[in-house]
Amino acid sequence: MDYQHLSTMLWREQELLDLLLFKAEEKQYLILTGKTRWLARIAHEIEVILDQLRTLEVERSAATEAIAGRLGLSANPSLRQVADAAPAPWNDLLAQHHEALLTLITDLRSLSDANRELIEGGLSAIGDALLQTRTSSTGTYGASGRHSDGAHRAVTLDGAL
């Protein structure tokens, strides 16, 4: 494993995170416009991207471990630690990858939180609407012959009976 291979994997990870950010923005658009028909599809596409990221993360971890061993770093180093210990020009390039990944992850967290709030707000609004449309029970008659809810109802009697 060499620095070029690690850098290539980091570029791929950035591309996948950028695609994930795009899909999260699409999801937000669908939520805001009420086009819920496509939410299941977006959720599936996001899951596919997450699976690719998980696979890439395992490969990147192995590449990072191999480089860390040659640099004399402890097991399971962070990308920042590898960047700090790497020779030039790789130290700058790995540091740039680190910053780009942090920015993408921060953007994803913010968008994910916003989407979660939109969904929770929508569910709350649906719950409120259901509570408002709930019909009251018919109730029973009390000892006075009136409805137990206290409501008065007009009754017409046919005197011919």
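What counts as what
Residues numbered from 1 in each chain as written. Predicted model: local features only at pLDDT ≥ 70, side-chain atom pairs only at ≥ 80, totals over all residues. Heavy atoms only, no water. Helix = DSSP H or I, 4+ residues; strand = E, 2+ residues; numbered from the N terminus. Buried < 20%, exposed > 50% of the residue type's maximum accessible area, 1.4 Å probe, protein only. Contact = heavy atoms within 4.5 Å. Areas by Shrake-Rupley, 256 points an atom, 1.4 Å probe, with all protein chains shown as cover. Phe/Tyr/Trp six-rings, centres within 6.5 Å; stacked < 30°, edge-to-face > 60°. pLDDT = per-residue confidence, 0-100. Salt bridge = Lys/Arg side-chain N within 4 Å of Asp/Glu carboxyl O. Core = buried A, V, L, I, M, F, W, Y, C linked by side-chain atoms within 4.5 Å.

Glancing now at the overall build of the protein. Along the protein, the regular secondary structure elements total four helices and zero strands. Taken from N to C terminus, the helices and strands of the protein fall in the order α-α-α-α. Residues classed as buried in the protein amount to 24% of the 161 residues present. Looking at the protein alone, contacts between residues at least 24 apart form 59% of all its contacts between residues at least 6 apart. With an accessible surface of roughly 11200 Å², the protein has 56% of that area assigned to carbon and sulfur atoms.

With that settled, the discussion passes to the packing of aromatic side chains. Within the structure shown, the criterion is met by one aromatic pair. Here the aromatic rings of Y3 and W90 are separated by 5.7 Å at their centres, their planes lie at 15 degrees, and the arrangement is stacked. Of this pair, Y3 sits in helix α1 (residues 3-33) while W90 is found in helix α4 (residues 90-133), placing the two residues 87 residues apart along the sequence. By relative accessible area, Y3 is classed as buried at 14%.

In this section: the side chain of T64. Tracing the backbone shows T64 in helix α2 (residues 39-71). Relative accessible area serves as the criterion here: at 7%, T64 is assigned to the buried category. Here T64 is in contact with L6, P77 and V82, once residues within four sequence places are set aside.

Looking at where L53 falls in the secondary structure, it is placed in helix α2. Residue L53 is classed as buried on the basis of its relative accessible area, which comes to 12%. Each C-alpha atom, one on L53 and one on L17, is 8.0 Å from the other, the two residues being 36 residues apart in sequence.

Per-residue pLDDT for the protein has a mean of 85; in total, 77% of the residues score no lower than 70. Here α4 stands out as the least confident element of the protein, with mean pLDDT 85; helix α3 (residues 79-85) is the most confident, with 95.

This part covers the pattern of salt bridges. Across all of its chains, the model carries eleven salt bridges by this definition. Residues E15 and R12 are paired through a salt bridge, measuring 3.6 Å at the closest nitrogen-oxygen approach. One end of the pair is E15 and the other is R12, both in helix α1 and three residues apart, which spans about a single turn. Residue E15 is classed as partly exposed on the basis of its relative accessible area, which comes to 48%. Classification of R12 as partly exposed rests on a relative accessible area of 37%. A salt bridge links R60 to E57; its shortest N-O distance comes to 3.2 Å. Here E57 and R60 lie together in helix α2, a separation of three residues that amounts to about one turn. Each member of the salt-bridge network shares a partner with another, and the members are K23, E26, R41 and E45.

What follows covers the nonpolar core. Grouped together as the largest cluster of nonpolar side chains are 27 residues, with contacts concentrated most on L6, L10, L17, L20, L53 and L94. When contributions to this core are tallied by element, the ones reaching two or more residues are α1, α2, α3 and α4. The dominant element in this core, judged by the number of residues it contributes, is α1, at ten residues. When neighbours within four sequence positions are excluded, L17 is seen to be in contact with L53, L101, L104, I105 and L108.

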